[in-house]
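Architecture and fold: a report
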Amino acid sequence: MGAAASSANFNYGYPTPGPQSPTGQQVMNNDFFLSGTQWKKAREEGIYDLVVIGSGFCGLAVVHKALERDPFCRILMIERGTFFLPEHFQNLPIPFVETMGGLAETFPWTLSSITATGLEGGSIRWQHGMVPFFGGRSTLWSAWCPRPTTEEMEGWPKETIAAARRHFEAAEKLLHVQPANKVDADVAPEMLLRLAKERPVYGPLQNRMQALLKEAPGKIASIYRTEPAPLASDAQSVDGLDFQKFATPGEVLGHVRLQSDRAKVGLGAPFHIVAGCVVERIVQQFGAATALETSMGVLPLGAAKLILTMGSLPAATLVRNAFPDSGLGDRFASHFTSSITARVPRKDFDPNGAFHGLQLGACYVAGKDGSYARQFHIQISAVSDPEPVKNAGIALRYMPDVLTTATMAQLLTSRDHVIYPCATLGELDCHNPQTWYRGNPDDADPTTNSLLQVVENAGDRSTWDTMDEATFRTLEDVLSPKGPTHLEYWHGSADAGEWRRERPNITERRNTALVHDSSTLHIGSSEDAPVDLDYRLRAAKNIYVTGGALWPKAGSWNPTMTMVGLAFDLVERLVPESDRKKAKRKS
């Protein structure tokens, strides 16, 4: 650890006191990010192989794979935000739950009045925004990482499907993905009883839930597969923790430290990050990006390849301003959602009294409205907690879902029940002519001058209806062992409501916000696709795209793991494997 305010001429308060008001960002700049002087030098003298915009999942994936293939790869990462959370908020003390939403989310676009006011009807009113801090949404996500099947990637190029499938295993390894039924699978039964007195357990409740859900595809026509929830939470092999939601800040900073150590002994190149730097415009000539105009000055790109690893909407805005004829704007996809919470008596679910202490479960249920063109899935959590006040501090860390989880009001009134918080996600039709993401000439700010409009069409409404009905049927006919009459639904706000037998109505269950924006820079083999099969923006010679922006259509599955897999594939095309790495692989 370096000494505070220590240098050749100023040491430990001699000859005068040193700086007295360092900020958190200054501390991080000193240890990990480029300082003002270093950034000036990087702009004036730096030579990079890759310039990466964004520090979220895809930014980490690009850096990780590039340095794995060649430790001498020269990388600069540009992050618009400053340092906020060091890891996922669920891994931190319980007050950090308050950081979700509010100022932790920005909306770098204008929302169409048709969507915002609901002039065309329907439930959708807005799209969830960006998290403008180092690590992006990785510090706030739910961490569900299902592998889509080939059929679920309907509408995708076969080459892209094959590329994703080649890299699924590596992506899961980077994100520490584990099925929920493996969290405590290796714990002996007697130890599990002891653990249940100290922390939540993924054990008897998880197993019972899985066993019941195996019947869902046979009982409910729209459901075709179920599995234990694949969660990015396995830190056992990394730091010995049994359950820890994955986030990128520590991983990215680890690469900074590793490359610094490598560079000192001539075994690699430094990895540079500049934080608090907003990329405002891509400067281009003759179809090649030549520089970036940023809030901290112009960065010449030289021979570097520019990789867009930020969110779908900001990436599209950046591209549109530099390449207005790039073919984007009329395709936007996302996921509409419902939140339904139900409960059954614990004795119905656990007649032999196997549940002890705080028990959790999580399962993924996939369905479709007639065909794979209209997909949905249900994220079903399960909670059995006889002592919710006592367990509040530790329970949050282990809860499988962020969007939909059991609240204290629900837990306090359900000490003798199993609660099922269900988040359901359906595929928005990306070919709807009333849904789009276009330029906004009334906004002079190049970072926000886009207009987003979303209007539900008949296909969206059909999928949503089928999705909600499948959720109700799964709860009533599959997860309530004694049938629908023994199941109750929560009505009211999350913190003030009551349990009743009748189903929540549309207004109560359907969320007004979309999640998982995608498709703004979709990939394809035809010339009308903005991005080609090598992930290169067709309008440019040296710009490459990652993330949900690539999605030809949304599907319904959570996108993060697939995003990481395709980012790995991109890097394998851009960064040659070093001779040393080749020799090691062959041996």
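This text gives an overview of the structure that appears in the document.

Turning next to the sheet that holds strand β22 (residues 543–545). Overall, parallel pairing links the five strands, which are arranged β8-β2-β1-β12-β22 in an open sheet. Two strands in the sheet have a free side with no partner beyond their single neighbour: β8 (271–275) and β22. Strand-to-strand twist in this sheet, taken as the mean axis angle between neighbours without regard to direction, amounts to 20°.

Moving on, we come to the packing of helix α3 (residues 57–69) against helix α17 (residues 560–574). Packing of α3 against α17 leaves a shortest axis separation of 8 Å and a crossing angle of 35°. Viewed along their axes, α3 and α17 form a crossing whose handedness is right-handed. Two secondary-structure elements touch here, α3 through Phe57, Cys58, Ala61, Val62, His64, Lys65, Ala66 and Arg69 and α17 through Thr560, Met563, Val564, Ala567, Phe568, Val571 and Glu572. Broken down by class, the residue content of the contact of α3 with α17 amounts to ten nonpolar, two polar and three charged.

Over its 18 residues, helix α5 (residues 158–175) extends 25 Å from the first C-alpha to the last, a length consistent with the 26 Å expected when each residue adds 1.5 Å. The largest bend along α5 measures about 50° and falls at phenylalanine 168. Those residues of α5 that fall on the buried side of the exposure criterion are Thr160, Ile161, Ala163, Ala164, His167, Phe168, Ala171, Glu172, Leu174 and Leu175. In this fold, the buried residues of α5 make contact with α3, β5 (177–179), β7 (230–232) and α17. Phi for histidine 176, located one or two positions after α5, is positive at around 60°.

One pass over the structure, following the stated rule, counts 34 salt bridges. A salt bridge links arginine 473 to aspartate 477; the shortest N-O distance between them is 2.5 Å. In this pair, arginine 473 and aspartate 477 both sit in helix α15 (residues 458–478), four residues apart, roughly one turn of the helix. Residue aspartate 477 is classed as partly exposed on the basis of its relative accessible area, which comes to 26%. Taken together, the shared-partner salt bridges in this structure form one network comprising Arg166, Asp534, Asp569 and Arg573.

Burial of β8 is extensive: four of the five residues sit out of reach of the surface. Pairing between strand β2 (residues 75–79) and β8: five bridges, direction parallel. Residue pairing for β8: leucine 76 is matched across the bridge by histidine 272.

Residues tyrosine 14 and proline 15 are joined by a peptide bond in cis, for which omega reads 5°. Among the secondary structure elements, proline 15 is positioned in the segment before α1 (24–31). The backbone of alanine 143 shows a phi angle near 75°, a positive value even though the residue is not glycine. Inspection of the secondary structure puts alanine 143 in the loop between β4 (126–127) and α5. A positive phi angle, near 75°, is found at tyrosine 535, a position not held by glycine. Here tyrosine 535 lies in the loop between β21 (513–518) and β22. Residue classification places tyrosine 535 among the buried residues on the basis of a relative accessible area of 1%.

All right, on to the sheet that holds strand β11 (residues 297–300) then. Whenever strands of a sheet pair, they do so through backbone hydrogen bonds, lying parallel or antiparallel. Pairing in this open sheet of three strands is antiparallel, and the strands run β9-β10-β11 from one edge to the other. What marks the edges here is a single partner per strand, and that holds for β9 (279–285) and β11. For this sheet the average axis-to-axis angle between neighbouring strands, irrespective of direction, equals 25°. The pairing of strand β10 (residues 288–294) with β11 spans four bridges and is antiparallel. Opposite leucine 292, over in β11, you have leucine 299 as the bridge partner. In the packing of helix α2 (residues 36–45) onto the sheet, contacts are made with β10 and β11, and the angle to β11 comes to roughly 45°.

Put plainly, a disulfide is one covalent bond tying together the sulfur atoms of two cysteines. Per the stated rule, a full pass over the model turns up zero disulfides. The cysteine cysteine 277 is free of any disulfide, with cysteine 73 supplying the nearest cysteine sulfur at 20 Å. Cysteine 422 forms no disulfide, and the closest cysteine sulfur to it belongs to cysteine 363, at a distance of 11 Å. Judged by relative accessible area, which is 0%, cysteine 422 ranks as buried.

Criteria and thresholds
- Here the residue index of a chain counts from 1 through its sequence in written order.
- Side-chain atom pairs in this predicted model are given and counted only at pLDDT of 80 or more, local residue features only at pLDDT of at least 70, and totals for whole chains, interfaces and linings cover all residues.
- Hydrogens and water molecules were not included; the side-chain quantities draw on all heavy atoms of the structure.
- Strand pairing is defined by DSSP finding a minimum of two bridges between the two strands.
- Under the DSSP-based scheme used, a helix requires at least four consecutive residues in state H or I and a strand at least two consecutive residues in state E, with every element numbered from the N terminus.
- What counts as an axis is a line fitted to C-alpha atoms, over the stretch in contact for a helix, and the angles between N-to-C directions run from 0 to 180 degrees.
- Should the near helix be turned counterclockwise from the far one by less than a right angle, the crossing is left-handed, whereas a clockwise turn marks it as right-handed.
- Residues count as neighbours in contact if any of their non-hydrogen atoms are within 4.5 Å of one another.
- All residues other than Ala, Val, Leu, Ile, Met, Phe, Trp, Tyr, Cys, Pro, Asp, Glu, Lys and Arg, Gly among them, are scored as polar; the first ten of these are nonpolar and the last four charged.
- In this analysis, the expected span of each helix is defined as 1.5 Å times one less than the number of residues it contains.
- Two axes enter the bend calculation: one fitted to the seven residues ending at the residue in question, the other to the seven starting there, and the bend is the angle between them.
- The buried label goes to any residue with under 20% of its type's maximum accessible area, the exposed label to any with over 50%, and the partly exposed label to all in between, with areas taken from a 1.4 Å probe on protein chains only.
- Any carboxyl oxygen of Asp or Glu that lies within 4 Å of a side-chain nitrogen of Lys or Arg is treated as forming a salt bridge with it.
- Defined by distance alone, a disulfide is two cysteine sulfur atoms within 2.5 Å.

Spatial relationships are all this shows, so hold off on functional conclusions.
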